[in-house]
Amino acid sequence: MSLIDSASLPRGLRLPRVDGLIQWIVPLAIIAIWQVASVTGFVPTRVLPAPSDVLLAGWKLLLSGELVRNIWVSFCRASIGFLIGGSIGFAFGLANGLSQLSSKLTDTTLQMVRNVPHLALIPLVILWFGIDESAKLFLVALGVFFPIYLNTLHGIRTVDPQLIEMGRIYGMTDGELFRRVIFPGALPSIFVGIRFALGIMWLTLIVAETIAASSGLGYMAMQAREFMLIDVVVLSILIYALLGKLADSASRVLERATLSWHPAYWKR
Amino acid sequence: MQTALRTSLPETELATRANFAPHARVVREERPVQTSGLPLSIRGLRKSYGDNEVLRGIDLHIPAGQFVAIVGKSGCGKSTLLRLIAGLEKIDAGSISLGDAVKPEDIRVMFQEPRLLPWARVLSNVEVGLGRDRASSDAHSRAEKALTEVGLADKRDQWPSVLSGGQKQRVALARALVSRPRVLAFDEPLGALDALTRISMQRLLERVWRDQGFTAILVTHDVAEAVALADRVLVIEEGRIAHDVVVNTARPRERGSAELAGLEGSILSHLLSADDRT
Ligand SMILES: Nc1ncnc2c1ncn2[C@@H]1O[C@H](COP(=O)(O)OP(=O)(O)O)[C@@H](O)[C@H]1O
Ligand SMILES: [Mg+2]
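These figures come from a predicted structure and were not determined experimentally. (Residues numbered from 1 in each chain as written. Chains lettered and ligands numbered in written order. Predicted model: local features only at pLDDT ≥ 70, side-chain atom pairs only at ≥ 80, totals over all residues. Heavy atoms only, no water.)

We now examine the site of ligand 1. Residues and elements named next belong to chain B. Around ligand 1, the neighbouring residues are Y49, N52, V54, K73, S74, G75, C76, G77, K78, S79 and T80. Between ligand 1 and G77 there is a distance of 3.0 Å, counted from an oxygen atom to a backbone nitrogen or oxygen. With respect to ligand 1, the side chain of T80 contributes an N or O atom lying 2.6 Å from an oxygen atom. Relative to its unbound accessible surface of 560 Å², ligand 1 loses 58% to contact with the protein. (Near = heavy atom within 4 Å. Polar contact = N/O pair within 3.5 Å; in protein donor to acceptor, adjacent residues only side chain to side chain. Areas by Shrake-Rupley, 256 points an atom, 1.4 Å probe, with all protein chains shown as cover.)

This is the structure we're talking about:
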């Protein structure tokens, strides 16, 4: 139905409005159904509280300042861990992509370490760091390291060798070659790594915070479980989802801005 | 394998030793009036990849500003010869001399693939061709001029991915021309284009060569293209220059004329008879 009247509108007017609305229809419908199911008693509130109860719990925590504090703590852990692990992964990816020597020296070792699931290290990490901040940062950084490392390395290794030869023929210095040919060529792959790493970042943080923490969203959820506050538990889960979506959108915006030359990023 | 050798021999010595390919003749009337081109002398050039002896002694003199086409069976070493001339590979034995005081910007190569940077606009792709002069203040205007020369001034702010194959190749030509090279080597630059685009690109190549007077070396698998464009067609067989055919037809040449068709036929029969022998 909307296809017909929107087709008569100019393109620029039609796309953003419909696009902006359409993606929220399904989530809103789910929340509405959920609310009805709770209110009618179809789903007992001991199993799943109504959305309105979750909102109310959120409002109370917001007023007490607890919510903001815990979100902030988790956000800081996530971003610091991401920055540390991401920059080390990026540095190794660059070094091993550009230098044979460096690659021979470290790649095999890194590939071996990659096969250890980093969450399996939690008991060891607690023994090393206790439930200190550094334990969470270490785990997040470790989890983020590999996707960034692997995709940076892959991106650099798969830059079109004909373009590199072209750059050399036209007298580019090593620095120019990196800036104008190698890095832009590797960027799409680096972004794949970033998106992947963001997912791992939240996952690691949730697990680490539920097992060993005295603050943060995961801790808030575990506390609530002890006191049977199921609405707070559900609230924490939803906030994790929201933060994950936020991080993903931010990386998409960055991707669009830097890869504007790539036909895949042009308006469909 | 001997050490690489890229010496510069005095021109006079080369001219007096007329022991080049048997048919080599100088074709002065076919060259542009004023030439900025460099003469090219190759002596005893050899190149192997492992056990594969690709070039087994090439002797060749190309006068400044001449348009030379190189044909031969696939895998006979045409690209290798071009890459050696452009300094992209090491010479096993022999020498290539391009006169004295050659700057890197004096020799440019164009490949079958346009090799444009997809993340740079058309104009900045052309600026890449300026080499060390990229940072100079007139870089923009020089690049624009080169784009105008190939008829793509209106595409300066486009991404390469929106261009057609022929347009991309014209941008690559502008990038090669922008530094005013004195030798331009083409490795099957039109091989990937459709027939009509190819003909208009051939006209463009001929025009810029006449305007600028560089020495042109064109590798092609299309013998008709070779006789239509070149002053001289070299046939490579078994790592040597087997035939050196002068094309004396006046320019502008009429494609499909009896004269060119005759030449094309005789070159093709050289190529095919070599095929029968192996
Ligand atoms: N970098 C290389 N390493 C090994 N062999 C090569 C290399 N480049 C070319 N060759 C070989 O040299 C021969 C000539 O190649 P080429 O000059 O590309 O032929 P063409 O006349 O088709 O352009 C071929 O047999 C090819 O396999
Ligand atoms: Mg070839």
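A separate point is the pattern of salt bridges. Pairing between side chains of opposite charge can happen when their charged atoms approach one another. Following the criterion strictly, the structure yields 23 salt bridges over all chains and no others. The closest approach of N and O atoms between E144 of chain B and R156 of chain B, which form a salt bridge, is 2.1 Å. Note that E144 of chain B is positioned in helix 4 (residues 139–149) and R156 of chain B in the loop between helix 4 and helix 5 (165–177), a separation of twelve residues in sequence. On the basis of relative accessibility, which here comes to 28%, the residue E144 of chain B falls in the partly exposed class. For R156 of chain B, a relative accessible area of 26% translates into the label partly exposed. The salt bridge involving R232 of chain B is made with D244 of chain B; its shortest N-O contact spans 2.9 Å. Of this pair, R232 of chain B sits in strand 8 (residues 232–237) while D244 of chain B sits in strand 9 (residues 240–246), and the two are twelve residues apart along the sequence. Like D244 of chain B, R232 of chain B is buried. Connected through salt bridges with shared partners, the residues E165 of chain A together with R83, E89, E113 and R115 of chain B form a single ionic network. (Salt bridge = Lys/Arg side-chain N within 4 Å of Asp/Glu carboxyl O. Helix = DSSP H or I, 4+ residues; strand = E, 2+ residues; numbered from the N terminus. Buried < 20%, exposed > 50% of the residue type's maximum accessible area, 1.4 Å probe, protein only.)

Residue and element names in this part refer to chain B. Its domain assignment divides chain B into domain 1 (2–100 + 188–277) and domain 2 (113–180). Each partner contributes to the interface: domain 1 provides ten residues, whereas domain 2 provides nine residues. In this assembly, domain 1 packs against domain 2 so that about 800 Å² is buried in total across both faces, 66% of it on carbon and sulfur atoms. If you sort the residues of domain 1 by the area they bury against domain 2, M201, L204 and Q212 come out on top, with a joint share of 50%. At the boundary of domain 1 and domain 2, one finds zero salt bridges. At the junction of domain 1 with domain 2, the criterion picks out three residue pairs in polar contact (both at pLDDT 80 or more). (Domains from an automatic or database assignment. Contact = heavy atoms within 4.5 Å. Buried area = accessible area lost by both parts, 1.4 Å probe.)

What follows concerns the packing of aromatic side chains. Counted under the stated rule, the structure contains twelve aromatic pairs over all chains. Taking the centre distance of 6.3 Å and the plane angle of 80° together, the rings of W128 of chain A and F129 of chain A count as edge-to-face. When its relative accessible area of 53% is taken as the criterion, W128 of chain A is described as exposed. Arranged with centres 6.2 Å apart and planes meeting at 80°, the rings of W128 of chain A and F138 of chain A form a pair that is edge-to-face. Of this pair, W128 of chain A sits in helix 7 (residues 122–129) while F138 of chain A is found in helix 8 (residues 133–157), placing the two residues ten residues apart along the sequence. Relative accessible area serves as the criterion here: at 29%, F138 of chain A is assigned to the partly exposed category. Following the ring pairs from residue to residue traces out a cluster consisting of F92, F145, F146 and Y149 of chain A. Cation over ring: R115 of chain B sits above F111 of chain B, and NZ or CZ is 3.7 Å from the ring centre. Positioned above the aromatic ring of W159 of chain B is the side chain of R121 of chain B, whose terminal nitrogen or guanidinium carbon lies 3.7 Å from the ring centre. (Phe/Tyr/Trp six-rings, centres within 6.5 Å; stacked < 30°, edge-to-face > 60°. Lys NZ or Arg CZ within 6 Å of the ring centre and 35° of its normal.)

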